[in-house]
Amino acid sequence: MKNNDLIDLLKSHRSIRTFTNQQVTDLVVDEIIESGRWAPTSHHVQAYSIIVIKDKEKKKELATLAGNQSYVATCPVFFVICADFYRLKQASDKHGQAFEIGEQEQALVGAVDAALVAQNMLIAARSYDLGGVMIGGIRNDPDAVSKVLGLPQLTFPVMGLCIGYPAQNPEQKPRLPQRAVVHKEKYNQTKIKEAIDEYDQVMKSYYYERTKGKRSDTWSQLMAQFLSTPKRPQVGDFLKKQGFLSK
Ligand SMILES: Cc1cc2nc3c(=O)[nH]c(=O)nc-3n(C[C@H](O)[C@H](O)[C@H](O)COP(=O)(O)O)c2cc1C
C-alpha cells in the first residue's frame, strides 16, 4: 500500500452499521486480530484481551445488553476489546511481587491499550473492504456482559467492534475544524467559541440533508444535551468490583 492510500483510508472513515450476509473468513478475522496485537502498548504491559464472537445467540444477547443495538446481532463478527490485568497479576505472582493497580492510572492504561488495539483492528478490517462500528454500549451493563463472556477479575470490557461487509454507503460525518482541535505550541482558548459556531452551521446542514429536513440540530446542542446527565454511573462500581480504582 502506498503512503497516500493509507491516508485516504484513514480520512474516508465512516461507521458502518448495516452489513451484507457475506461471512468474514477465519483468515481475515485472524489478520484483523494480528493487526490489533501489534498496536503500541503502555510500558509493554499489553493490558487487553480480544473476545471474538460469532455465535448468533451470544451476539443477540450482547446486542440487547448494549442497549438494543441490532447491528451487534447482525454483524458477522463482533469483538469485545477488554482491558486486562488478569495476565499481569499472574506475572506478578510468578515473581512474588506486590500488585498495585488501585490508582486510576492503571484503569486508564488498560482503556488506552484496548482503544489502540480496537482502532488498529478497524483500520485492518477496512483494508479488506470491510466496515464496522465501535460499541461503547457494551459498558451499559458490564456485570451482565462479563457473565456472558466469562470475564475474570482484573478485566473490564472497554468497547465492542462490529465488523462485516458494508450494505450501506453513508455520508461522512463532518469533524470539528482543525483549528478547533489543534493548537500551535500552546493551548489557545480564544478561538474555541468561534470554531464551535462555525461547526454548528456545518453540522446543522449535515443533519438537515441527511434527514431530508427532519432534523437540524447543531453539534453544540447535541453535546450540551448529552453531557447534561451522568453517563453510565455503574461503570465506576463495576471497575471497583473488578479490582480497579481501589484508592
Ligand atoms: C469508543 C466508541 C464507542 C462507540 N459506541 C457506539 C455505540 O455504542 N453505538 C453506535 O452506534 N456507535 C458508537 N460509536 C460510533 C460513534 O457514534 C461514531 O464514531 C461517531 O458518531 C462519528 O461517526 P463516524 O464514525 O461515522 O464518523 C462509538 C465510537 C467510539 C469511538
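Predicted model, so just to flag it, every value in this text is computed and none were measured.

Re the environment of Gly-137
Thinking step 1. One can find Gly-137 in the loop between strand E3 (131–135) and helix H7 (142–149).
Thinking step 2. A C-alpha to C-alpha distance of 7.5 Å links Gly-137 and Met-159, two positions 22 residues apart in sequence.
Thinking step 3. Setting aside its immediate chain neighbours within four residues, Gly-137 contacts Leu-65, Ala-66, Gln-69 and Arg-232.

As for the site of the ligand
Thinking step 1. Around the ligand sit 14 residues in total, of which His-13, Ser-15, Gln-69, Tyr-71 and Gly-136 are the nearest.
Thinking step 2. One of the backbone nitrogen or oxygen atoms of Met-134 is found 3.1 Å away from a nitrogen atom of the ligand.
Thinking step 3. Burial of the ligand by the protein chains amounts to 68% of its free accessible area of 620 Å².
Thinking step 4. A breakdown of the residues in the shell around the ligand according to their chemical character gives 5 nonpolar, 5 polar and 4 charged.

A closer look at a nonpolar patch on the surface
Thinking step 1. A surface patch of nonpolar side chains, amounting to about 240 Å² of accessible area, comprises Leu-6, Ile-7 and Leu-10.
Thinking step 2. Turning to its location among the elements, Ile-7 is positioned in helix H1 (residues 3–11).

As for the environment of Glu-198
Thinking step 1. Summarising the element assignment, Glu-198 is placed in helix H9 (residues 192–210).
Thinking step 2. For the pair Glu-198 and Ala-180, spaced 18 residues apart in the sequence, the C-alpha separation amounts to 9.9 Å.
Thinking step 3. Not counting the four nearest positions on each side in its chain, Glu-198 is found in contact with Pro-177 and Arg-179.

Re the pattern of salt bridges
Thinking step 1. As enumerated under the stated definition, the model contains 11 salt bridges in all.
Thinking step 2. With a shortest N-O distance of 3.8 Å, Lys-60 and Glu-57 are connected by a salt bridge. One end of the pair is Lys-60 and the other is Glu-57, both in helix H3 (residues 56–65) and 3 residues apart, which spans about a single turn.
Thinking step 3. You can call Lys-60 partly exposed: its relative accessible area is 49%.
Thinking step 4. A residue is classified by how much of its surface remains accessible, and Glu-57, at 51% relative accessible area, is exposed.

Topic: the packing of helix H2 (residues 26–37) against helix H6 (residues 104–127)
A pair of packed helices is characterised by two quantities: the angle between their axes and the separation of those axes.
Thinking step 1. Remark: H2 packs on H6, axes separated minimally by 7 Å, with the N-to-C direction vectors making an angle of 140°. Here H2 lies oblique to H6, going by the angle between them. Of the two elements, H2 crosses H6, and the hand of that crossing is right-handed. Contact with H2, carried on its side by Ile-32, Ser-35 and Gly-36, involves Val-117, Asn-120, Met-121, Ala-124 and Ala-125 of H6 and no other residues of that element.
Thinking step 2. When grouped by side-chain class, the residues that make up the contact of H2 with H6 number 5 nonpolar, 3 polar and no charged.

Some remarks on H7
Thinking step 1. In terms of residue burial, H7 counts as a mostly covered element, since 6 of its 8 residues are buried.
Thinking step 2. All of the buried residues along H7 are Pro-142, Ala-144, Val-145, Ser-146, Val-148 and Leu-149.
Thinking step 3. Buried residues belonging to H7 abut strand E1 (48–53), H3, strand E2 (77–84), strand E4 (155–164) and helix H11 (234–241).

What counts and what doesn't
- Throughout this description, residue numbers start from 1 for each chain and increase along the sequence as written.
- Local features in a predicted model are, by the rule used here, given only for residues with pLDDT of at least 70; side-chain atom pairs are given and counted only at 80 or more, and totals for whole chains, interfaces and linings are based on all residues.
- Remark: hydrogens and water are excluded; side-chain values derive from all non-hydrogen atoms of the structure.
- Secondary structure follows DSSP: runs of H or I at least 4 residues long count as helices, runs of E at least 2 residues long count as strands, and numbering of each begins at the N terminus.
- The contact criterion used throughout is that any non-hydrogen atoms of two residues lie within 4.5 Å.
- Only a single heavy atom is needed: when it lies within 4 Å of a molecule or strand, its residue is near that molecule or strand.
- N or O atoms closer than or at 3.5 Å make up a polar contact, with two conditions inside protein: a donor-capable atom paired with an acceptor-capable one, and, for residues adjacent in sequence, both atoms drawn from side chains.
- Throughout, the Shrake-Rupley method with a 1.4 Å probe supplies accessible areas, and for residues the shown protein chains are the sole cover considered.
- Residues are grouped as follows: Ala, Val, Leu, Ile, Met, Phe, Trp, Tyr, Cys and Pro are nonpolar; Asp, Glu, Lys and Arg are charged; all remaining types, including Gly, are polar.
- The residues that make up patches have over 30% relative accessible area and no salt bridge, and they are joined within 9 Å when like-charged or within 5 Å when they are Val, Leu, Ile, Met, Phe, Trp or Tyr.
- The salt bridge definition used is simple: a Lys or Arg side-chain nitrogen within 4 Å of an Asp or Glu carboxyl oxygen.
- Each residue gets one of three labels from its accessible area relative to the maximum for its type: buried under 20%, exposed over 50%, partly exposed in between, using a 1.4 Å probe on protein chains only.
- For helices, the fitted line uses only the C-alpha atoms of the stretch in contact; every axis is such a line through C-alpha atoms, and the angle between N-to-C directions lies from 0 to 180 degrees.
- Between 65 and 115 degrees an angle is taken as roughly perpendicular, under 35 as roughly parallel, over 145 as roughly antiparallel, and anywhere else as oblique.
- The handedness criterion is simple: a crossing whose near helix is rotated anticlockwise from the far helix by less than a right angle is left-handed, and one whose near helix is rotated clockwise is right-handed.

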